[in-house]
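Each chain, written out:
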Amino acid sequence: TSDRGKNYVLIFHPQSAQLDFKTYLAVPHDLDDSTAGGGFQKKYMPQRFHEIFQDKNSRLRGRKPIAAINGDYIDINHKPQGFNVSRGIEYSGIFKGHRSSFAISGGDPSSRVATIQIGKRTPDSLNFNAVGGNGRFYKNGTFRDICEDLGDFACKQETNRSIAAITAKGYVIFLVNNSEPGQELFPDGFDTILESIARDYQLGRIQEGMLFDGGLSTAFYFNDRIYAENSNPIGSAFLIYAID
């Protein structure tokens, strides 16, 4: 991880045998608690980022995460709006088929891949851990300035950003810009900073890129430290674990 001014950057490869992953949802019960009807409980509650790390749902086989980034937007009932899946259990909202999501597949680490796309992927193993978002600005290696798509407020005023990008060599870049005046990261500059990171670390060209929930929702955690914390409650978070 590196701290470039107010840009917090984390780089990892999904196929690392030393890593594992989980999507976190803010619910007061176990993520895999079933209902009498055979489904899963999905009771949501407002939650800030620091509360994640005291919650048993943030553990994976007893381990705390070593890194985390905020994910999806939420509605007024604190339900995520996009496509969210936690280790095979879906916690999606009304825009799951319309907004982009970031996912890392399940299975053996040597075959795990990261994807960004709209809706559910095929085969289903690609959906094992997914977090929703919005604003896809790289597709198949082509960059597009999405300022107009975001609207003036999200583009130019609410400028804190949470970003996920995937490179040609399969690496993932998470970037959180916790902007102050003069340090804003605008959509027309997303390619400049991401391509610079990819070039510096020889990750391959950027292929896919998207935004998670931005503004007051941005949050980033690494190695027992919260570098940026949301003041709005989270819709979901993507967690990374170190495995011996």
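Residues numbered from 1 in each chain as written. Predicted model: local features only at pLDDT ≥ 70, side-chain atom pairs only at ≥ 80, totals over all residues. Heavy atoms only, no water.

Asker: So what's going on with the pairing of strand S12 (residues 161–167)? Which residues, and what values?
Answerer: Of all seven residues that make up S12, seven are buried, and the element is covered over most of its length. The alternating pattern of S12 places Arg161, Ile163, Ala165 and Thr167 and Ser162, Ala164 and Ile166 on opposite faces, both of which are buried. Direction of pairing for S12 relative to strand S13 (residues 172–177): antiparallel, over a ladder of six bridges. Bridge pairing in S13 links alanine 165 to isoleucine 173. Between S12 and S13, which pair antiparallel and follow one another directly, the connecting turn spans four residues, one of which, glycine 170, has a positive phi of 90°. Of the pairings in the sheet, the one linking S12 to strand S14 (residues 206–211) comprises five bridges and is antiparallel in character. Residue pairing for S14: isoleucine 166 is matched across the bridge by glutamate 208. (Buried < 20%, exposed > 50% of the residue type's maximum accessible area, 1.4 Å probe, protein only. Helix = DSSP H or I, 4+ residues; strand = E, 2+ residues; numbered from the N terminus. Pairing = 2+ DSSP bridges.)

Asker: I'd like to hear about the state of the cysteines, residue by residue, with values.
Answerer: Taken as a whole, this structure holds one disulfide when the rule is applied. The side chain of cysteine 147 participates in a disulfide bridge whose partner is cysteine 155; the two sulfur atoms lie 2.0 Å from each other. Where cysteine 147 bonds to cysteine 155 through sulfur, the torsion about that S-S bond is close to -105°, and the disulfide is left-handed. The same class applies to cysteine 147 and to cysteine 155, which are both buried. (Disulfide = S-S within 2.5 Å.)

Asker: Could you give me a rundown of the sheet that holds strand S15 (residues 220–222), with the residues and numbers involved?
Answerer: Read across the open sheet, the five strands follow the order S3-S17-S4-S15-S16; overall the sheet is antiparallel. Looking at which strands have only one partner, the edges of the open sheet turn out to be strand S3 (19–24) and strand S16 (225–228). Ignoring strand direction, the axes of neighbouring strands in this sheet form an average angle of 15°. In this structure, strand S4 (residues 67–70) lies alongside S15, joined through three bridges in antiparallel fashion. Across the sheet, the residue bridging to alanine 67 is phenylalanine 222, located in S15. (Axes fitted to C-alpha atoms, helices over the stretch in contact; angles between N-to-C directions.)

Asker: Kindly report on the nonpolar core, identifying the contributing residues and their values.
Answerer: Leu10, Phe12, Phe102, Phe174, Phe212, Phe238 and Ile240 are the most contacted members of the largest nonpolar core, which totals 24 residues. Counting residues in hydrophobic clusters, the runner-up holds 17 residues, among them Val9, Phe137, Ile163 and Ala165. (Core = buried A, V, L, I, M, F, W, Y, C linked by side-chain atoms within 4.5 Å.)

Asker: Describe the packing of aromatic side chains, and please don't skip the residues or the numbers.
Answerer: Following the criterion strictly, the structure yields 18 aromatic pairs and no others. A ring pair is formed by tyrosine 8 and tyrosine 227, whose centres lie 5.4 Å apart and whose planes are at 50°; its orientation type is tilted. Here tyrosine 8 is found in strand S2 (residues 7–12), whereas its partner tyrosine 227 is found in strand S16, with 219 residues between them in sequence. By relative accessible area, tyrosine 8 is classed as buried at 7%. Pairing phenylalanine 102 with phenylalanine 212 gives two aromatic rings, centres 6.3 Å apart and planes at 85°, and the pair type is edge-to-face. Residue phenylalanine 102 is located in strand S7 (residues 100–104), and its partner phenylalanine 212 is located in the loop between S14 and S15; the two are separated by 110 residues in the primary sequence. Judged by relative accessible area, which is 0%, phenylalanine 102 ranks as buried. Classification of phenylalanine 212 as buried rests on a relative accessible area of 1%. Looking at arginine 99, its charged tip hangs above the ring of tyrosine 73, at a distance of 5.3 Å from the centre. (Phe/Tyr/Trp six-rings, centres within 6.5 Å; stacked < 30°, edge-to-face > 60°. Lys NZ or Arg CZ within 6 Å of the ring centre and 35° of its normal.)

That's the geometry; what it means functionally is another story.
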